[in-house]
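Residue-level structure breakdown
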Amino acid sequence: MTAAVANSTAHSIVEASPRAKAVAGGLVILYAVITILPLLWIVATAFKSQSDAIAYPPKVIFEPTLEGYVNLFTVRTRQTPDFIAKLPPPETWYDKLVRERDMVIAGPSKVVPRFVNSLIIGFGSTFLAVFLGTLAAYAFSRFRIPLADDLLFFILSTRMMPPVAVAIPIYLMYRQLNLTDTRLGMILLYTAVNVSLAVWLLKGFIDEIPREYEEAALVDGYTRLQALRKVVLPQAVTGIAATAIFCLIFSWNEYAFAVLLTSGEAQTMPPFIPFIIGEGGQDWPAVAAATTLFVVPIVLFTVLLRKHLLRGITFGAVRK
Amino acid sequence: MSEPARSRATRRVRGLSDRTIAWLFVAPTIALLLAINIFPLVWMIRLSFTSLNLSMSYLPLRFVGLDNFRDILTDEDVWFRLQTTAQFVIWSVALQVVIGYGLALLINRQFRGHSFWTTIILLPMMLSPAVVGNFWTLLLQPQIGPFNYVISLFTGVPPSSFSMTGQVALAPWTIVLVDTWMWTPYVMLICLAGLRSIPDYIYEAAEVDRASAWRQFWSITLPMTVPFLMLAVLFRAIENFKMFDMVNLLTSGGPGSTTELVSITLKRAAFEKWRTGYSSALAIILFVTVFGAANIYVKVLKKVKQR
């Protein structure tokens, strides 16, 4: 393969030959299709009935049902057919769906509070990290700060720490401060992890805005802070938005801290999803439904972030 | 922050020197990191010299000097876990680099629709490792999962006769497989940036000299992209060395301890056996390793940046 690849590189800069392009396209599409299949399988599983989800051989063609989604959002109890027959007729389509399986809805499941936790912790920590990060990045970009390189490395290194290792002392500290299993505790923790990325990314974005703009504003009698607000920030808006989405994705996806430091109150989606249990084991359609709902925003963000992805994953040091 | 609050703040700080502003802007971030990272770290160092066990926290804090470190470094089990981790890191990084670089070379040919397919390829690395570990558990179920079924279609081996996550011989490879599925796009993206950083005129000059395609690859493409490759290797190695989430869900270290990476050992010692002193010492060993690697990472970053 390498030979074929090298062969094409010779022309790729000028322009690859149509045949080389076709071969490359074919191989890449093959890889893309194989890589996306597991995800598509999950999305499909979310629309299967319980029995279709665990059928052998695995079912590619099945009758779609919203059972998985109903199961995800409700807690159900099994009843005798007699009992169900005596109930007044079902009021909603999901009542009907559940009764067909000899069950009645006993109440809502915990998925909504968990989703809300993910949202609050995600947006809270993102807002804080981007706010603090913008200030620090501006300072690092525009002012002479003693030991700036060392400070920047220190900031980066905090993100490199293994979560499991840091979780031990944080667990102890949070226990003393009554912050274990609280949203505030998780927001602060995720802010601390995200702020390092925010500083590095935003410094790159702000470095690209010519200093002359601010200098002109300063000459016009603006103060530094006015220049920052009226000249630099508007120019950095795209960068700030991209940074915010990266921070949000991190908090949204984070699992290690969440599973070690939360148990109920502040639990987010990632530690919750694997433990959606139905009758007799994992309720795969419901798990798949939760996964699908959880992943949709990420897919949208990936499309939005395409241009900035490389910066985001290398702390802004490499751009495309 | 609301508008009026802002302008009041502006008026108050008018005339502040740049130095004061710089300090004011950097201080909150540093303070937060000191509170949430450095303070706990120092606490952890202190604990690593004690025999604290949280399930018996009524016992007085007893300082045992370097005993924990000695216990860890002389424990064959720990060395075995480190070996397991190293093998996992080496195999998955190697696979990701080979496939990722190959893909980058292909995508760099700019065929029709390449940006659409690139976006699709990038999806796995944007997902939560926990969610990935969880749904691969379903895909790899011996009885109902599509993976075993597809394998059996091609090989004729009955699907329920092997379990990717439950068998000693297969479980480590399963971790490598899923990690490669998830993180190859990351390597690909960095390689792509490397390839695009090579100026056209170098190839044009090589064309004039009638250098063969093979020759161009070895003398131009590869050397010019090496710093980017190093960046990808380093970052993936650091991330994989401390990997916890995906493995915890896929195999939780099992079967037995065949896929028990150091981070899983650490989690068990700290949050199941509650041996806080011991696990703090292990965490410090882990941290020092990652910190060393992070140092190299930053040096490579600088080199890449200079281009």
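Residues numbered from 1 in each chain as written. Chains lettered and ligands numbered in written order. Predicted model: local features only at pLDDT ≥ 70, side-chain atom pairs only at ≥ 80, totals over all residues. Heavy atoms only, no water.

1. Some words on the overall build of chain B
The helix and strand tally for chain B stands at 13 helices and zero strands. Start at the N end of chain B and walk to the C end: the helices and strands fall as α-α-α-α-α-α-α-α-α-α-α-α-α. Relative to the compact-globule value of 19 Å for 307 residues, chain B shows a C-alpha radius of gyration of 25 Å, a clear excess of over 25%. Considering only C-alpha atoms, chain B reaches an extent of 75 × 75 × 40 Å along its principal axes. The buried share of chain B, taken over its 307 residues, is 54%. With the model as given, the accessible surface of chain B reaches about 13,900 Å², and the carbon-plus-sulfur share is 64%. Side-chain charges of chain B comprise 26 positive and 16 negative groups, with the mean position of each set lying 9 Å from the other. (Helix = DSSP H or I, 4+ residues; strand = E, 2+ residues; numbered from the N terminus. Rg over C-alpha atoms; globule rule 2.2 N^0.38 Å. Buried < 20%, exposed > 50% of the residue type's maximum accessible area, 1.4 Å probe, protein only. Areas by Shrake-Rupley, 256 points an atom, 1.4 Å probe, with all protein chains shown as cover. Lys, Arg positive; Asp, Glu negative; His and termini not counted. Charge placed at Lys NZ, Arg CZ, Asp CG, Glu CD.)

2. Quick notes on the overall build of chain A
For chain A, the count of helices and strands is 16 helices and four strands. For chain A, the C-alpha radius of gyration of 26 Å lies well beyond 20 Å, the compact-globule estimate for 320 residues. Relative to its 320 residues, chain A shows a buried fraction of 59%. Contacts in chain A between residues at least 24 apart in sequence constitute 72% of all its contacts with a sequence separation of at least 6. As displayed, chain A has an accessible area near 14,100 Å², and 64% of this comes from carbon and sulfur atoms. (Contact = heavy atoms within 4.5 Å.)

3. Focus on the side chain of A:Arg224
Mapping A:Arg224 onto the fold places it in helix H12 (residues 224–253). Judged by its relative accessible area of 18%, A:Arg224 falls in the buried class. Of note is the side chain of A:Arg224, whose polar atom sits 3.3 Å from the side chain of A:Tyr138. Those residues in contact with A:Arg224 that sit more than four places away from it in its chain are A:Tyr138, A:Phe143, A:Glu214, A:Leu218, B:Asp18 and B:Ile21. (Polar contact = N/O pair within 3.5 Å; in protein donor to acceptor, adjacent residues only side chain to side chain.)

4. Quick look at helix H15 (residues 284–305) of chain A
Between the first and last C-alpha of H15(A) there are 31 Å, a value that for 22 residues agrees with the 32 Å anticipated at 1.5 Å per step. Where H15(A) bends most, at A:Val295, the angle is about 30°, and the proline A:Pro297 comes one to four residues later. (Expected span 1.5 Å × (residues − 1). Bend = angle between axes of the 7 residues up to and from the residue.)

5. Here we look at helix H4 (residues 76–107) of chain B
Compared with an ideal rise of 1.5 Å per residue, which puts 32 residues at 46 Å, H4(B) spans 46 Å between its outermost C-alpha atoms and is within 8% of the ideal. Residue B:Asp75 occupies the N-cap position of H4(B), its side-chain oxygen lying 2.8 Å from the main-chain nitrogen of B:Asp77.

6. Quick notes on the nonpolar core
Ranked by internal contacts, the top residues of the largest apolar core, which has 197 residues, are A:Met160, A:Phe257, B:Met125, B:Phe135, B:Trp136 and B:Tyr297. Contacts of B:Met125, omitting those with residues within four sequence positions, involve A:Leu309, A:Ile313, B:Met182, B:Trp183, B:Pro185, B:Tyr186 and B:Leu189. (Core = buried A, V, L, I, M, F, W, Y, C linked by side-chain atoms within 4.5 Å.)

7. A short note on the interface of chain B and chain A
Facing 113 residues of chain B, the contacting portion of chain A comprises 116 residues. Both faces combined, the contact of chain B with chain A buries some 10,300 Å², and carbon together with sulfur accounts for 80% of it. Summed over the three residues of chain B that lose the most area to chain A, namely B:Phe25, B:Arg109 and B:Met126, the buried surface amounts to 8% of that side. Linking chain B to chain A there are two salt bridges. If you look at where chain B meets chain A, you find eleven residue pairs in polar contact (both at pLDDT 80 or more). Split by residue class, the side of chain B that touches chain A holds 77 nonpolar, 23 polar and 13 charged. (Buried area = accessible area lost by both parts, 1.4 Å probe. Salt bridge = Lys/Arg side-chain N within 4 Å of Asp/Glu carboxyl O. Nonpolar A, V, L, I, M, F, W, Y, C, P; charged D, E, K, R; others polar.)

8. Structural notes on unusual backbone geometry
Cis geometry is adopted by the peptide bond preceding A:Pro57, which originates at A:Tyr56 and carries an omega value of -5°. For A:Pro57, the location among the structural elements is in the loop between helix H3 (50–53) and helix H4 (67–73). The amide bond that connects B:Gly254 to the next residue, B:Pro255, takes the cis arrangement and shows omega of -5°. With respect to the secondary-structure elements, B:Pro255 resides in the loop between helix H11 (245–250) and helix H12 (262–271). We note that B:Arg210 has phi near 60°; this positive angle belongs to a residue other than glycine. When you line up the elements, B:Arg210 lands in the loop between helix H9 (200–208) and helix H10 (213–241).

9. So, the packing of aromatic side chains
Inspection of every chain in the model, using the stated rule, returns 30 aromatic pairs over all chains. Between A:Trp252 and A:Phe294 the ring centres are 5.1 Å apart and the planes differ by 5°, which places this aromatic pair in the stacked class. In this pair, A:Trp252 sits in helix H12 while A:Phe294 sits in helix H15, placing the two residues 42 residues apart along the sequence. Judged by centre distance (5.1 Å) and plane angle (80°), the rings of B:Phe116 and B:Trp117 are edge-to-face. Counting every residue linked through ring pairs, the aromatic cluster contains A:Trp200, A:Phe315, B:Trp183, B:Tyr186, B:Phe235 and B:Tyr297. A:Lys48 extends its terminal NZ or CZ atom over the ring of A:Trp41, reaching a point 4.2 Å from the ring centre. Between the NZ or CZ atom of A:Lys230 and the centre of the ring of A:Tyr222, over which it lies, the distance is 5.4 Å. (Phe/Tyr/Trp six-rings, centres within 6.5 Å; stacked < 30°, edge-to-face > 60°. Lys NZ or Arg CZ within 6 Å of the ring centre and 35° of its normal.)

10. With respect to the packing of H12(A) against helix H2 (residues 18–47) of chain B
Two elements in contact, H12(A) and H2(B), have axes separated by 10 Å at closest approach and are oriented at 55°. With respect to H2(B), the element H12(A) is oriented oblique. Together, A:Arg224, A:Leu225 and A:Leu228 of H12(A) and B:Asp18, B:Ile21 and B:Phe25 of H2(B) make up the contact between the two elements. Looking at the contact of H12(A) with H2(B), its residues break down into four nonpolar, no polar and two charged. (Axes fitted to C-alpha atoms, helices over the stretch in contact; angles between N-to-C directions. Parallel < 35°, antiparallel > 145°, perpendicular 65-115°, else oblique.)

11. Here we look at the confidence of the model for chain B
Detailed reading of the predicted coordinates is not advisable wherever pLDDT is low. Residue and element names in this part refer to chain B. Summarising the model, chain B shows a mean pLDDT of 90, and 95% of its residues fall at 70 or more. Contacts of residues 1–13 to residues separated by more than four positions or lying in other chains number eleven contacts, the stretch itself having pLDDT below 50. This complex was scored by the predictor with a pTM of 0.90 and an ipTM of 0.88. (pLDDT = per-residue confidence, 0-100.)

12. Remarks on the pattern of salt bridges
Note on pairing: side chains with opposite charge can pair once their charged atoms come close. Scanning the entire structure with this criterion turns up 17 salt bridges over all chains. Notably, a salt bridge pairs A:Glu208 with A:Arg311, separated by 2.7 Å at the nearest N-O pair. Of this pair, A:Glu208 sits in the loop between helix H10 (183–207) and helix H11 (211–219) while A:Arg311 sits in helix H16 (residues 309–313), and the two are 103 residues apart along the sequence. Sharing partners across several salt bridges, the network here consists of A:Arg142, A:Glu214, A:Arg224 and B:Asp18.

13. Quick look at the environment of A:Leu151
Tracing the backbone shows A:Leu151 in helix H8 (residues 148–160). Under the relative-accessibility criterion, A:Leu151 is labelled partly exposed at 22%.

14. A closer look at the packing of helix H7 (residues 111–142) of chain A against H10(A)
All names here are of chain A. Where H7 contacts H10, the axes come no closer than 6 Å and their chain directions differ by 40°. Taken together, the axes of H7 and H10 are oblique relative to one another. The handedness of the crossing between H7 and H10 comes out as right-handed. Looking at the contact of H7 with H10, its residues break down into 19 nonpolar, eight polar and four charged. (Left-handed = near helix turned anticlockwise from the far one by under 90°.)

15. Focus: the confidence of the model for chain A
With 95% of its residues at a pLDDT of 70 or more, chain A shows a mean pLDDT of 90. Counting interchain partners and residues more than four positions distant, the pLDDT-below-50 stretch residues 1–13 of chain A has 25 contacts.

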